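As a plain string of letters, each chain reads:
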Amino acid sequence: MGWNPDPDALGQILALLRESQSPDTIVQQSVQQKLEELNKFTDFNKYLIYVLTKLTSEDEPTRSLSGLILKNNVKAHFHQFPPDVNQFIKTECLSSVGDPSPLIRATVGILITTTASKGELSTWPELLPRLCDMLDSADYNVCEGAFGALQKICEDSAEFLEKSPDRPLDVLIPKFLQFFRHSSSKIRSHAIACVNQFIISKTQALMANIDAFLQNLFHLAMDDDPEVRKNVCRALVMLLDAHISSLIPHMHNIIEYMMIRTQDPDENVALEACEFWLSLAEHPICKETLKPHLQKLIPILVRGMKYSEIDIILLKGDVEEDESVPDRSEDIKPRFHKSRHTIRHEPMMENGGTSGEDLPDDESDDGLDDDSSISDWNLRKCSAAALDVLANVFRDDMLPVILPILKETLFHQEWEIRESGILALGAIAEGCMSGMTPHLPELIPYLINCLSDKKALVRSITCWTLSRYCHWAVVLPDHTFLKPLMYELLKCVLDGNKRVQEAACSAFATLEEEACTELVPYLLDILKTLVFAFRKYQAKNLLILYDAIGTLADSVGNYLNKEEYIQMLMPPLIEKWNVLKDEDKDLFPLLECLSSVATALQSGFLPYCGPVYQRCVSLVEQTLHQTMAHAQNPEQFEAADKDFMIVSLDLLSGLAEGLNGHVGQLVAQSNIMQLLYQAMQDPMPEVRQSSFALLGDLTKACFQHVAPCISDFMPILGQNLNPELISVCNNATWAIGEISVKLGADMRAYINLVLNDLIIIINKPNTPKTLLENTAITIGRLGYVCPTEVAPLLQQFIRQWCISLRNIRDNEEKDSAFRGVCNMISVNPGGVVEDFIFFCDAIASWINPKADLKDMFHKILHCFKEQVGEENWKRFTEQFPVPLKERLSQQYGV
């Protein structure tokens with residue numbers, strides 16, 4: 001006998017479901033509480049499935065809501081349901097797959113896949129065969145409902161279907177392919193979507209049917225339904241990545257087709273098609289395959305970059321002045337702290353240089369958008385990204401196609417087309433820079449002029465495009481273009497439109513990175529502008545302003561340490577610092593900014609350092625306490641936001657680096673060493689990374705306070721020499737090197753804790769360059785202070801050591817590392833014999849070694865020459881490249 005609900009209980013649950021649709025939050029909270037209480041009754045879930053599947057007298061939203069509440073219960077507690085409840089839910093779901101209501105069918109499908117994804121596919125053997133049979137039903141609702149459920153199962157349980165010993169996909173995939181030609185577009189769309197789930201993983205059942213899949217896809221290429229066309233495009237994009245060989249025979253036609261679809265009247269289809277060009281650009285065949293189509297494709301992409309009318313409305317494109325309108329909290333995207341300070345010692349890094357990957361994001365870089373409705377990936381962004389990657393593939397071969405388009409769009413009467421031309425010009429900057437260079441003396445003044453355009457969207461995109469070409473302006477002598485570019489960007493920093501302010505501030509930060517000390521003559525005007533912006537900017541753009549000030553400090557360094565500049569810059573920063581509460585996330589960018597400023601100002605920051613230091617220590621302590629409280633009692637205490645600790649550690653690093661010995665007094669009066677000991681053992685890698693950076697900086701600045709803790713710190717540093725976590729490993733390695741220089745011969749007690757791991761890292765293939773260089777420097781420094789302990793292992797690392805350090809610039813760290821290797825060679829000359837050519841090459845990399853170091857090189861070279869004899873030395877040096885031979889002869893007379 002079947003289960004029947006109690007009418008009174010059913011009435012109460014229905015009343016509750018209706019109440020839960022109330023907009024009143026108090027009512028909703030009360031409903032939520034009652035629902036949680038009802039969950040204690042085992043039959044409650046039977047009532048929910050009954051309302052969804054049987055109670056046709058009730059309105060559809062209430063029935064659907066009942067199903068969604070049940071879905072959440074299944075997700076959270078399914079394995080605790082009694083067996084009869086489980087079975088009842090499964091039976092009712094299968095009997096209602098073909099409900100006449102699309103909303104109820106969809107809800108049943110969600111419920112089925114949620115149950116299936118709880119591991120129940122394996123214990124619900126009749127599910128897939130039943131759904132598969134239903135596909136053949138003459139009743140459209142049954143067929144569509146079954147397909148909807150199967151599509152969700154394919155999305156949520158693809159891995160189970162692929163690995164199941166019953167091989168259900170051997171039946172399902174050929175079955176899905178039969179429906180590609182179904183009369184209903186909804187069914188056709190479901191069928192493609194189901195198969196698409198298995199392309200990237202190259203499922204065997206699909207690969208066996210790949211030809212039939214392609215034929216069916218091509219058959220649907222011109223389908224009337226946009227959802228079908230979108231799924232066809234998605235399939236072709238995925239096939240390009242997973243099974244390109246199947247597409248190559250048809251590539252010409254596919255490219256022609258994708259160009260048509262990139263212009264599809266339905267933007268979702270056009271966007272899906274546009275992804276094809278991004279994927280194709282990653283394949284070696286791209287250049288050869290796409291070259292004949294470039295003349296047709298590039299104009300399509302540029303047209304796709306034009307703002308649509310709806311975009312302009314959503315962007316408030318006709319609003320020119322909005323600087324006095326406060327930002328809504330939802331406009332300000334959450335920030336994820338990414339410090340520029342905590343990758344310690346980057347010997348190869350030159351100042352300047354942009355990533356070239358920063359296409360304008362409509363709600364960051366150039367502030368093209370502060371409305372969530374088009375903040376997502378869209379056709380404009382995808383088209384610009386495609387043009388960018390294709391410019392990197394074709395380089396200057398693209399110019400004959402793009403230049404005529406730029407001439408037409410950049411000078412067009414309609415501002416929307418002009419704006420898309422400026423975006424296109426920025427998009428090709430990285431790939432076509434050499435070919436564009438002859439045109440820049442004409443284009444840069446044109447762009448500078450566009451910074452005064454009456455349309456805010458034109459001004460904002462121009463800021464971004466100029467940032468892509470500013471390197472060219474910086475390297476020219478006499479600042480012919482740099483000066484007007486800088487002053488016009490500064491005007492835009494104070495624009496009346498918030499989007500332009502944001503774009504200008506971001507572009508100016510890029511200019512600062514490129515120009516570095518070239519900006520020193522203009523510091524007064526730059527600071528006046530940035531400080532004035534503090535009074536103009538709303539909350540969102542203040543975050544960008546902090547970045548621009550921090551980047552300026554990084555770029556000009558100690559040139560900022562002038563009383564006049566300090567008096568301008570510090571009061572507004574300290575004012576913001578005092579206003580923000582400890583739990584306010586706007587502290588992050590301000591802390592990052594102050595970290596750069598403190599490092600640049602050095603002694604100029606002394607008057608401000610006390611309160612800043614104390615607050616940072618306090619933030620670290622609060623975060624550690626909250627982390628501990630949460631670990632002990634997660635119900636009562638929230639997890640700490642560790643970004644507060646990370647940015648505070650980074651600012652303390654900035655203070656230690658900037659104030660040097662002066663920081664010692666602050667350290668002496670605080671418990672930072674105990675806190676650092678805890679932070680160095682935090683499970684979060686980013687916390688350890690910043691902790692080790694601070695440890696290294698404090699070691700350099702005030703070792704007397706670090707020394708008593710070394711025996712506690714060194715084992716932790718040794719445990720973090722794991723090259724899988726590159727930045728953590730890098731900073732731990734760097735800190736060990738700094739400690740060894742200060743500790744001297746006493747470092748011998750810790751050699752065994754670290755040396756073997758460092759040797760493994762230096763010999764590991766594909767180790768990033770910065771980590772290799774840091775590891776080599778630290779091994780050299782260990783050899784400098786403890787040559788007797790390190791020298792016996794010389795042969796295990798000397799070749800890679802020499803290769804790692806041959807390209808870095810002369811500096812103090814390189815000096816101490818080479819002295820270390822010379823000391824080790826004196827102790828164990830046999831350890832370098834087999835790789836002596838590499839040592840010679842490393843010596844030759846020095847431009848101007850100190851006299852006593854040069855003398856050490858001289859002695860080692862001549863000692864070896866004497867040991868092997870004139871003839872052998874001559875034979876040995878004949879294998880040297882000519883420049884190396886000449887350099888050693890000139891510098892060292894060998």
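Residues numbered from 1 in each chain as written. Predicted model: local features only at pLDDT ≥ 70, side-chain atom pairs only at ≥ 80, totals over all residues. Heavy atoms only, no water.

Asker: Quick question: what am I supposed to make of the overall build of the protein here?
Answerer: On a plain count of helices and strands, the protein comes out with 48 helices and zero strands. Considering only C-alpha atoms, the protein reaches an extent of 100 × 65 × 65 Å along its principal axes. Taking contacts inside the protein between residues at least 6 apart in sequence as the whole, the part at least 24 apart equals 76%. Across the protein, 79 positive and 122 negative side-chain charges occur, with their mean positions spaced 3 Å apart. (Helix = DSSP H or I, 4+ residues; strand = E, 2+ residues; numbered from the N terminus. Contact = heavy atoms within 4.5 Å. Lys, Arg positive; Asp, Glu negative; His and termini not counted. Charge placed at Lys NZ, Arg CZ, Asp CG, Glu CD.)

Asker: Just checking my understanding: could you explain the environment of L542 for this structure?
Answerer: Along the chain, L542 falls in helix α30 (residues 539-556). What makes L542 buried here is its relative accessible area of 10%. As a C-alpha pair, L542 and Q501 span 41 residues in sequence and 9.9 Å in three-dimensional space. Residues within four places of L542 in sequence aside, it is in contact with F534, Y537 and K576. (Buried < 20%, exposed > 50% of the residue type's maximum accessible area, 1.4 Å probe, protein only.)

Asker: So what exactly am I meant to see when it comes to helix α13 (residues 210-219) here?
Answerer: What sets the pattern is the α-helix's 3.6 residues per turn: residues three or four places apart point alike. Considered for burial, the residues of α13 that qualify are I210, F213, L214, N216 and L217. One side of α13 carries all its buried residues, which in axial view fall inside an arc of 165°. Of the exposed residues in α13, those oriented more than 90 degrees away from the buried face are D211 and Q215. Residues of α13 that are buried sit in contact with α10 (169-178), α11 (185-196), α12 (204-207), α14 (226-242) and α15 (244-247). (Arc of directions from axis to C-beta.)

Asker: Looking at this structure, I do not really get helix α46 (residues 851-868). What am I missing?
Answerer: Over its 18 residues, α46 runs 26 Å from end to end, which matches the ideal 26 Å to within 8%, given 1.5 Å per residue. Three or more residues of α46 are buried, namely L853, F857, I860, L861, F864 and K865. An end-on view of α46 places all buried positions within 130° of arc, on one side of the element. Exposed residues lying more than 90 degrees from the buried face of α46 are A851, K859, E866 and Q867. Elements that come into contact with the buried residues of α46 comprise α44 (812-827), α45 (836-844), α47 (870-878) and α48 (882-892). Immediately downstream of α46, the backbone of G869 shows phi near 90°, a positive value. (Expected span 1.5 Å × (residues − 1).)

Asker: Teacher, can you tell me more about empty space enclosed by the protein here?
Answerer: One water molecule sets the probe size; rolling that probe over the atoms shows where empty space is left. Applying the stated criterion across every chain yields a total of two cavities of 30 Å³ or more. Its boundaries defined by the atoms lining it, the second largest cavity holds a volume of some 30 Å³. Taken together, Y613, L652, L655, A656, V663, V667, I672, L694 and L698 make up the full set of residues lining the second largest cavity. If you list the elements that add at least two residues to the lining of the second largest cavity, you get α34 (643-659), α35 (663-668) and α37 (685-706). With three residues, α34 is the single largest residue contributor to the lining of the second largest cavity. (1 Å grid on protein atoms, 1.4 Å probe; cavity = no way out; pocket = protein on both sides within 12 Å on 5 of 7 lines; lining within 4 Å. Points joined across faces, edges and corners; volume = space filled by probe spheres on them.)

Asker: Looking at this structure, how should I read the pattern of salt bridges?
Answerer: Pairing is possible between side chains of opposite charge, provided their charged atoms come close. With the rule as written, the count across this model stands at 36 salt bridges. Where R167 meets D170, a salt bridge forms, and the shortest distance between an N and an O atom there is 2.7 Å. Classification of R167 by relative accessible area gives partly exposed; the value is 40%. (Salt bridge = Lys/Arg side-chain N within 4 Å of Asp/Glu carboxyl O.)

Asker: Honestly, the nonpolar core in this entry has me stumped. Any pointers?
Answerer: In globular proteins that are soluble, nonpolar side chains generally tend to be buried together. Counting residues in each nonpolar core, the largest one holds 319 residues, and the members touching the most others are F213, W277, F605, M747 and W801. Looking at this core element by element, the count peaks at 12 residues for helix α26 (residues 456-475). With residues near it in sequence (within four places) discarded, F213 still touches L177, F180, V195, N196, I199, L206, A235 and L239. (Core = buried A, V, L, I, M, F, W, Y, C linked by side-chain atoms within 4.5 Å.)

Asker: Help me understand the packing of helix α3 (residues 44-53) against helix α4 (residues 60-77), please; the structure alone is not making it clear to me.
Answerer: Two measures define how a pair of helices packs: the angle their axes make with one another and the distance between the axes. Running from N to C, α3 and α4 cross one another at 145°; their axes reach a closest spacing of 7 Å. When you trace α3 past α4, the crossing you get is left-handed. Of the residues in α4, those in contact with F44, N45, L48, I49, V51, L52 and T53 of α3 are T62, R63, S64, S66, G67, I69, L70 and N73. By residue class, the composition of the contact of α3 with α4 is seven nonpolar, seven polar and one charged. (Axes fitted to C-alpha atoms, helices over the stretch in contact; angles between N-to-C directions. Left-handed = near helix turned anticlockwise from the far one by under 90°. Nonpolar A, V, L, I, M, F, W, Y, C, P; charged D, E, K, R; others polar.)

Asker: Would you mind going over the side chain of D264 with me for this structure?
Answerer: Here D264 shows up in the loop between α16 (251-261) and α17 (267-280). The class of D264 is buried, set by a relative accessible area of 6%. At a separation of 2.8 Å, a polar atom in the side chain of D264 contacts the side chain of R229. In this structure the side chain of D264 is engaged in a polar contact, spanning 2.8 Å, whose partner is the side chain of R261. (Polar contact = N/O pair within 3.5 Å; in protein donor to acceptor, adjacent residues only side chain to side chain.)

Asker: Sorry if this is basic, but what is going on with the packing of helix α32 (residues 587-601) against α34 here?
Answerer: The geometry of α32 relative to α34 is characterised by a closest axis approach of 7 Å and an angle of 10° between their N-to-C directions. As far as their axial angle goes, α34 and α32 are roughly parallel. Of α34, the residues touching α32 (which contributes F588, L591, E592, L594, S595, A598 and T599) are D643, F644, V647, S648, D650, L651, G654, L655, E657 and G658. Residues of the contact of α32 with α34, tallied by class, amount to eight nonpolar, five polar and four charged. (Parallel < 35°, antiparallel > 145°, perpendicular 65-115°, else oblique.)

Asker: How do you make sense of the layout of surface pockets when you look at a structure like this?
Answerer: Within this model, the second largest pocket holds a volume of roughly 450 Å³. Taken together, 24 residues make up the lining of the second largest pocket; nearest its centre are E267, D311, N378, L379 and R380. Here the lining of the second largest pocket gets four residues from one element, more than from any other, and that element is α17. Tallied by class, residues from the lining of the second largest pocket come to nine nonpolar, seven polar and eight charged.

Asker: Looking at this structure, I do not really get unusual backbone geometry. What am I missing?
Answerer: Trans peptide bonds make up most of the peptide bonds, and negative phi angles are found at most residues other than glycine. The backbone of K202 sits at a positive phi, close to 50°, despite the residue not being glycine. Along the chain, K202 falls in the loop between α11 and α12. Judged by relative accessible area, which is 46%, K202 ranks as partly exposed. One non-glycine residue with positive phi stands out, namely C516, at about 50°. Positionally, C516 belongs in the loop between α28 (498-515) and α29 (523-536).

Asker: Any chance you could explain the packing of aromatic side chains here in plain terms?
Answerer: Each aromatic ring pair is summarised here by two numbers: the centre-to-centre distance and the angle between the ring planes. Summed over all chains, the structure comprises 22 aromatic pairs. Aromatic pair F147 and F176: ring centres 5.8 Å apart, planes at 35°, arrangement tilted. Here F147 is found in helix α8 (residues 140-156), whereas its partner F176 is found in helix α10, with 29 residues between them in sequence. Note on accessibility: F147 and F176 belong to one class, buried. Of note, R615 hangs over the ring of W577, and the distance from its end group to the ring centre comes to 4.8 Å. The ring centre of W846 lies 4.7 Å from the NZ or CZ of K814, which sits over that ring. (Phe/Tyr/Trp six-rings, centres within 6.5 Å; stacked < 30°, edge-to-face > 60°. Lys NZ or Arg CZ within 6 Å of the ring centre and 35° of its normal.)

Asker: Looking at this structure, I do not really get the side chain of R781. What am I missing?
Answerer: Structurally, R781 can be placed in helix α41 (residues 769-785). Beyond its immediate chain neighbours, meaning those up to four positions away, R781 contacts G737, E738, S740, V741, E813, S816 and A817.

Asker: Just checking my understanding: could you explain the state of the cysteines for this structure?
Answerer: The bond known as a disulfide is covalent and runs between the sulfur atoms of two cysteines. Applying the stated criterion across every chain yields a total of zero disulfides. Residue C470 stays outside any disulfide, its sulfur separated by 11 Å from that of C516, the closest cysteine. The exposure class assigned to C470 is buried, which follows from its relative accessible area of 2%. Among the cysteines around C786, which has no disulfide bond, C822 carries the closest sulfur, lying 17 Å off. (Disulfide = S-S within 2.5 Å.)

Asker: How do you make sense of the confidence of the model for the protein when you look at a structure like this?
Answerer: Low-pLDDT portions of the prediction should not be read for the details of their coordinates. This prediction gives the protein a mean pLDDT of 89; 94% of its residues lie at or above 70. Scored below 50 in pLDDT, residues 335-341 makes 22 contacts in the model with residues more than four places away or belonging to other chains. Counting contacts from residues 363-374, a segment whose pLDDT is below 50, to residues more than four positions away or on other chains yields 52 contacts. (pLDDT = per-residue confidence, 0-100.)

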